[in-house]
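These are the residues of each chain, in order.
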Amino acid sequence: MRRLTPWMRYLLYAASLLVFLAGLQLTLFSEQTATYFAWPITPPLTAAFLGAAYWAAVPVEVIAARQSAWAGARVAVPSIWLFTTLTLVVTLVHVDKFNFSSPILSAQGAAWFWLAIYAGVPVAMLLIGWHQIRLPGGDPPRGPAPPGWMRIIVLVQGAGMLAVGVALLLAPLAVASVWPWTLKDLTGRAIGAWFVGIGFAAVHATRENDFSRIKPLEGGYTAFAVLQIVAIARYSGQVTWSSAAAWVYLAFLLSILFVGLFRWLPQAVVALKRAIH
């Protein structure tokens, strides 16, 4: 069996700490990004969205790091590399909008720390990933597969996120015209990088087709849906509820939540029945 290397495990744990810190900044200071984040973000709902996405990445990386076999962690690694690489490209395209020259030291420090992380992590993942896949050994025997209908749902979700993410990266202002809240070019592309990363992981999971190999994605799916719903509730006044896009987005989050909780729903029902009786 090809085991998860210590280097990959350490990298995943380090990445989980970094995304937790980014999520902390964006969630606690959604309305003060000009002071505490790498670039000013408006409206605050966008900052809350990004903060929720970063926090949702924590269980993905921690669960992946805790796997003994590479097969149980690999659903997370390529998508993380893709997201960090795209975010570096977005940063370089919009470098003039970052707080590198801000008179506020906290903002300036956040911008330079951001650049260092996104310049370093993709390279580290490439080097450690190359070492990981060159280890001898194969995959352990497959475990139970998700139902066929669930695989189709996740494939549709993944393809949809990839399509939306690519559109946001290439034409953020065009997509912003139908988005449920106000987006700018930089924030649209930042959200697009997330959707491409998550969408790629979802499509990858359908290829693995094994519950034991998609645990990181299950954790991330659940956290992403819950935290994004909280972000919407927190800034519901900034959502254009009269648009169909708002309700499509909410339905999408609920479908993500269902998939993330699917394996645990029967156990939850049994526990609830026991509690009632």
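Heads up: the structure comes first, above all this text.
Residues numbered from 1 in each chain as written. Predicted model: local features only at pLDDT ≥ 70, side-chain atom pairs only at ≥ 80, totals over all residues. Heavy atoms only, no water.

## Some thoughts on unusual backbone geometry
Note that the residue after Thr 42, namely Pro 43, is joined by a cis bond; omega there is -5 degrees. Relative to the helices and strands, Pro 43 is located in the loop between helix H2 (33-36) and helix H3 (44-65). (Helix = DSSP H or I, 4+ residues; strand = E, 2+ residues; numbered from the N terminus.)

## Digging into the layout of surface pockets
Estimated volume of the largest pocket: approximately 540 Å³. Along its surface, the largest pocket is lined by 35 residues, and Val 19, Tyr 54, Ala 57, Phe 83 and Trp 194 are the ones closest to its centre. Looking at the lining of the largest pocket, the elements that each hand over two or more residues are helix H1 (6-28), H3, helix H4 (77-93), helix H5 (105-133), helix H8 (185-208) and helix H9 (215-234). For the lining of the largest pocket, the per-class residue count stands at 29 nonpolar, five polar and one charged. Approximately 330 Å³ is the volume attributed to the second largest pocket. Forming the boundary of the second largest pocket are 14 residues, of which Val 164, Trp 179, Ala 245, Val 248 and Tyr 249 lie nearest the centre. Taken together, the elements giving at least two residues each to the lining of the second largest pocket come down to helix H6 (148-170) and helix H10 (244-261). Among the elements that make up the lining of the second largest pocket, the one with the highest residue count is H6 (five residues). Taken together, the residues that form the lining of the second largest pocket break down as 12 nonpolar, two polar and no charged. (1 Å grid on protein atoms, 1.4 Å probe; cavity = no way out; pocket = protein on both sides within 12 Å on 5 of 7 lines; lining within 4 Å. Points joined across faces, edges and corners; volume = space filled by probe spheres on them. Nonpolar A, V, L, I, M, F, W, Y, C, P; charged D, E, K, R; others polar.)

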